[in-house]
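Analysis of the macromolecular model
Take a look at the letters that make up each chain.
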Amino acid sequence: MPGVVLEEVTKAFPGGTVALDGLSLEVADGEFMILVGSSGCGKTTALRLIAGLETPSSGTIRIGDRVVNDVPARDRDIAMVFQNYALYPHMTVARNLAYPLRQRRTPKREIARRVQDVAEMLDLEGLLRRRPAQLSGGQRQRVAMGRALVREPEVFLLDEPLSNLDAKLRVQMRAALKRLHARLDVTTVYVTHDQVEAMTLGDRIAVLSDGRLQQLGPPQEVYDRPVNVFVAGFIGSPPMNLLRGRVRDGRVSAGDFAFERSGLADREVIVGVRPESLHPSVDGMPSLDFHVSVVEPMGDEVIVHGSVAAELANDTPGEGESLLLAGDGERAAAVARLAPRDRPAEGSVVRLGADPAEVHLFDADSGQAIR
Amino acid sequence: MSVHAPTGRSVTYKRPGVLTRLARSEHVAGWAFVAPATILIAVFALIPIGWSLVLSLQANNLIAPAHYVGLANYRALAKDPQFRSAVVHTLLYTVVFVPISVFGALGLAVALNRRIRGIRFYRLAVFVPLVTSTVATGIIFLWLLDPTFGLVNYLLHAVGLPQQQFLQDPNQALWCIVAMTVWGWLGFDVIIYLAALQGIPAELLEAAEMDGASRLSAFRSIVVPLLGPATLFLVVWSTINALQLFDEIYVTTRGGPLGSTTVIVYYLYQQAFQFFNGGYGAAIAYVLFVAILIVTLVQLWIGRRRVYYSS
Amino acid sequence: MPGRARRRLPFSPWHLFLAPVAAIMLVPLVWMVILSLETKPEASSFPPVLLPSGPHFSNYPATWNAVPFGHFFINSILYSLATVAGNLVFCSLAAYAFARIRFFGSNVLFVVLLATLMVPFQVLLIPTFLIVKKLGMVDSVGGLIMPNLCSAFGIFMLRQFFRTLPIELEEAARIDGTSRLGILVKIVLPLSMPALATLAIIQFIWSWNDFLWPLIIIDTASHAPLQLGLSTLQGAHSTEWNLLMAGTVMSQIPMLAMFLFAQRWFIRSIAFTGIK
């Protein structure tokens with residue numbers, strides 16, 4: 001039995017904005033599904049539709065096996081963690097946690113037990129008597145999660161819960177969330193714009209852009225086999241290098257980088273090479289001249305910024321627009337990730353190569369991947 | 001004192017004289033800035049406060065020289081049946097006016113916080129009476145409540161109810177005053193509540209809905225507590241204003257009929273400016289002052305323990 | 001609002017509550033206008049006459065001449081403008097000093113001035129009358145104005161506001177050698193327009209609608225401001241409802257008109273008194 005199903009869901013707001021356009025998505029029972037994309041892509045709208053805080057313009061939403069389009073939010077047996085936590089400022093942590101249970105008239109003893117359980121699970125025991133204003137960001141976030149969990153809901157929704165935390169806390173909370181999910185096994189839908197969170201937390205990720213689903217799949221698959229230029233450029237940090245190129249007589253070339261690939265018609269393409277796919281050139285490997293401008297030593301690797309003799313591709317095409325920027329032959333900015341021992345000097349030119357099997361090709365007009 | 005400048009020539013630094021230093025000092029500047037306001041407030045507020053106390057200890061008819069009578073005015077007040085009934089009327093008025101206007105305003109503000117069509121018109125309609133003066137309100141309501149040809153009696157007649165004397169009935173007059181002052185002041189309370197309601201993040205109510213709260217339950221457990229500061233302010237403010245009721249009484253009933261609408265300030269006005277018992281009037285004013293102070297402090301104290309402030 | 005089942009009415013149910021309330025709020029004012037255009041018998045007839053024969057605009061000039069209405073307006077304008085100007089000037093000066101200048105006794109003085117707000121006007125009424133009498137300003141517009149030229153409320157409000165302005169601007173000007181007064185006038189005040197507007201509106205409304213103080217201090221009809229004048233009209237023509245209403249309309253129009261044109265400012269100013 002699937003946890004949550006969205007069927008051809010469309011949401012248009014008065015005023016004309018179409019936030020979601022025919023989104024179809026199935027979240028398996030107990031799965032941790034991540035909706036990821038940049039702002040305005042519709043991920044938060046999708047979450048709010050599942051929650052019942054908005055109604056779809058068309059399409060069906062199912063939770064468990066019932067259609068919930070007309071079911072109000074409070075009857076859907078789902079819990080949500082809001083981006084800004086939405087803790088009740090005038091109530092103590094204990095009362096915040098107890099609130100959902102009190103609204104459903106749960107017996108007092110049961111309330112006390114569950115609040116205690118959740119407080120232990122999230123390390124909130126010492127804070128029960130405090131008010132939200134007296135808590136740190138991380139503590140508030142845990143209270144928000146606790147309030148959602150205390151009801152033991154069928155579906156757990158999270159709206160960018162880590163985005164207001166500082167970097168270090170974010171890393172800790174990611175791990176804590178993963179442990180929590182493993183322990184509770186609740187169907188979870190998690191919205192974020194941070195692709196690192198998406199990659200590390202999700203069982204599957206759904207990449208959205210402009211209200212449409214771009215790709216759905218396990219993180220590694222989305223990383224290894226992006227279906228279009230948008231997903232390719234969005235997943236992975238630093239982002240994939242996307243260069244103008246062309247296929248001619250079975251030979252793919254982008255600037256001074258070229259390799260053979262059979263079975264392709266002649267056309268304009270976008271050549272995608274991940275920074276981590278670039279290595280110091282070895283004989284027989286297709287390579288290019290990389291003009292180094294900035295070197296960032298990260299300790300375990302160096303990130304090298306520079307330029308290559310090709311043109312940059314526009315990774316988010318508009319209507320009818322080609323993916324290729326009208327260029328004037330300028331060099332494209334590019335990024336490479338190298339081992340510390342291969343660290344080049346700033347201002348130098350190094351020869352870097354990539355295994356053709358790791359190079360992605362996309363059609364220049366549609367942006368779709370060419371296999 | 002000599003200082004050697006970089007060029008090697010020595011420059012002598014002379015300390016300015018005392019007066020110059022004084023003139024340039026912050027203290028003089030500060031006092032110069034506050035002087036006009038301080039003088040005005042001192043003359044027209046601070047001195048009157050003290051003088052009023054002095055007056056209350058005198059028999060003073062505001063014209064001839066006065067003489068001291070100690071606490072005689074206060075003792076007389078304590079025994080004065082007219083003062084006592086003025087106090088009763090004022091309290092009755094306050095106890096009815098405050099809850100009606102505060103809770104009425106809360107309900108109205110919730111209703112006006114919607115995004116339905118015409119909401120701007122409704123809001124305007126509720127706010128407009130606020131800018132009419134107390135005198136205008138009194139005159140208009142004198143006509144509306146006229147026992148013979150007033151609109152209200154006409155409407156009662158139209159639904160078959162008997163005609164009322166309203167402002168000419170000793171048992172009804174005070175409540176009519178309540179009605180007209182609520183009409184005139186409701187907009188103020190609504191404005192305050194609307195501002196407070198709009199300060200409550202919508203996310204909180206969404207969270208409450210997700211937590212299973214019905215709209216009514218969310219209102220009681222989330223909205224009302226968060227409106228606490230506004231409610232406290234309005235209760236204190238309305239009480240202070242209610243205790244000082246005067247204008248509408250003067251314009252409509254002049255304290256009648258049969259003294260049923262004589263409130264404290266109206267009694268003060270009669271005593272001080274119609275019977276020229278200035279000292280007595282001052283004593284009434286001081287009693288009122290102390291009463292307002294006590295009532296306000298009590299309300300604030302009760303409110304402090306029960307109202308949550310988000311800071 | 002979250003999704004819910006279709007409503008049974010073609011409009012929101014809130015209208016059922018708001019429409020009658022709006023009617024109750026507006027009907028008295030509507031009748032005020034209607035009555036002002038009727039004849040005297042019409043205005044006091046039963047049932048009340050909804051559509052005046054006429055309409056008798058002549059009530060307006062009649063009322064204007066029956067009592068010195070022109071004087072009422074002028075006196076009110078003078079009273080209101082003078083008190084607004086006085087408050088803006090004196091409260092700004094004092095508030096700036098309290099906000100930015102450290103001078104001896106400032107804290108004590110501030111508290112003392114603020115304390116005057118706690119005292120109800122009735123306590124001040126009789127002595128203020130005596131003071132104005134001593135100054136020889138009884139029964140004059142000057143006597144109306146003097147006690148209301150500066151209020152501690154304005155000082156409090158402006159001080160709070162000034163303190164929210166970034167002090168760097170003023171410090172930079174000081175380094176450039178601008179005098180304190182210059183800083184106030186050239187830098188602080190231009191940045192304080194919203195607060196000054198709020199103070200001006202609140203003071204204007206208060207002065208325009210003031211009744212008790214004019215009642216005490218003014219004897220001669222031609223020296224009366226508008227609300228007192230209206231009450232005088234009522235005293236002289238208490239059964240001529242058509243004239244009374246014409247007078248009421250005339251006296252309320254300025255405030256109503258200003259409110260309608262500057263709603264947002266009015267409402268913001270009023271909401272502000274709650275925030276203090």
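All of these numbers come straight from a predicted model, not from anything done at the bench.

Examining the interface of chain A and chain B
Taken together, the contacts link 17 residues of chain A with 15 residues of chain B. Mapped by element, the contributors of at least two residues to the side of chain A that touches chain B are strand E6 (78-81) and helix H2 (93-103) of chain A. Take the side of chain A that touches chain B: its biggest share by element is three residues, from H2 of chain A. Class assignment of the residues belonging to the side of chain A that touches chain B gives a composition of twelve nonpolar, three polar and two charged.

Topic: helix H3 (residues 108-121) of chain A
Residue and element names in this part refer to chain A. In this model H3 runs 20 Å from its N-terminal to its C-terminal C-alpha over 14 residues, within 8% of the 20 Å that 1.5 Å per residue would give. Inspection of H3 places Ile111, Arg114, Val115, Val118 and Ala119 among the buried residues, and these make up the whole buried set. Viewed end-on, H3 has its buried residues packed into an arc of 135 degrees, placing them on one side of the element. The outward face of H3, more than 90 degrees from its buried face, is lined by the exposed residues Arg109, Glu110 and Glu120. Buried residues along H3 sit against H2 and helix H4 (137-149).

With respect to the nonpolar core
Formed by 270 residues in total, the largest nonpolar core has its most connected members in Leu157 of chain A together with Ala94 of chain C. It is helix H8 (residues 173-198) of chain B that provides the largest number of residues to this core, a total of 16 residues. Setting aside chain neighbours within four positions, we find leucine 157 of chain A in contact with Leu47, Ile50, Ala51, Ile78, Ala79, Met80 and Val189 of chain A.

Topic: unusual backbone geometry
Among all residues except glycine, the phi angle is most often negative; among peptide bonds, the trans geometry is most common. Geometrically, the link from glycine 256 of chain B to proline 257 of chain B is a cis peptide bond, its omega value of -10 degrees lying close to zero. As for its position among the elements, proline 257 of chain B is in the loop between helix H12 (247-252) and helix H13 (264-274). Despite not being glycine, aspartate 185 of chain A has its phi angle at roughly 55 degrees, a positive value. Taking the number of C-beta atoms within 10 Å as the measure of exposure, aspartate 185 of chain A has 12 and is therefore exposed. Positive phi values are uncommon outside glycine, yet aspartate 210 of chain A reaches one of about 55 degrees.

Quick notes on the pairing of strand E2 (residues 18-27) of chain A
Bridge count between strand E1 (residues 4-12) of chain A and E2 of chain A: six bridges; the pairing is antiparallel. Within E2 of chain A, the position partnered with valine 5 of chain A by the bridge is glutamate 26 of chain A.

Some words on the confidence of the model for chain C
All names here are of chain C. Looking at chain C as a whole, its pLDDT mean stands at 88, while 96% of the residues score no less than 70. With pLDDT under 50 throughout, residues 1-5 is counted as low confidence; its partners more than four residues away or in other chains account for ten contacts. Among the prediction metrics, the complex's ipTM stands at 0.86, with pTM recorded as 0.84.

Examining the domain arrangement of chain B
Residues and elements named next belong to chain B. Domain boundaries in chain B define domain 1 (17-56) and domain 2 (74-306). Here the C-alpha centre of domain 2 lies 37 Å away from the C-alpha centre of domain 1. The interface is formed by four residues belonging to domain 1 together with six residues belonging to domain 2. Partitioning the side of domain 1 that touches domain 2 into residue classes produces two nonpolar, two polar and no charged.

Definitions and limits used
Residue numbering note: each chain is counted from 1, following its sequence as written. The lettering of chains begins at A and the numbering of ligands begins at 1, in the order of writing. It should be noted that, the model being predicted, local features are given only for residues of pLDDT at least 70 and side-chain atom pairs only at 80 or more, the latter also being counted only at that level, while totals for whole chains, interfaces and linings use all residues. Any pair of residues counts as being in contact when their C-beta atoms, constructed from backbone geometry, are within 7 Å of one another. Numbering of helices and strands runs from the N terminus; a helix is a DSSP stretch of H or I covering at least four residues, while a strand is a stretch of E covering at least two. Polarity classes work like this: nonpolar for Ala, Val, Leu, Ile, Met, Phe, Trp, Tyr, Cys and Pro, charged for Asp, Glu, Lys and Arg, and polar for all others, with Gly in that last group. Working rule for helices: expected span equals 1.5 Å times residues minus one. To assign burial, the other C-beta atoms lying within 10 Å of each residue's own C-beta are counted, with C-beta atoms placed from the backbone; 20 or more indicates buried, 12 or fewer indicates exposed, and intermediate counts indicate partly exposed. Directions are taken from the helix axis to each C-beta atom, and the arc is the one they span. Take the buried Ala, Val, Leu, Ile, Met, Phe, Trp, Tyr and Cys residues, join any whose C-beta atoms are within 7 Å, and the set you get is a nonpolar core. Paired strands are those between which DSSP finds at least two bridges. Looking at any residue, its pLDDT shows the predictor's confidence there, from 0 to 100. Domain delimitation in this document rests on an assignment produced automatically or drawn from a domain database.

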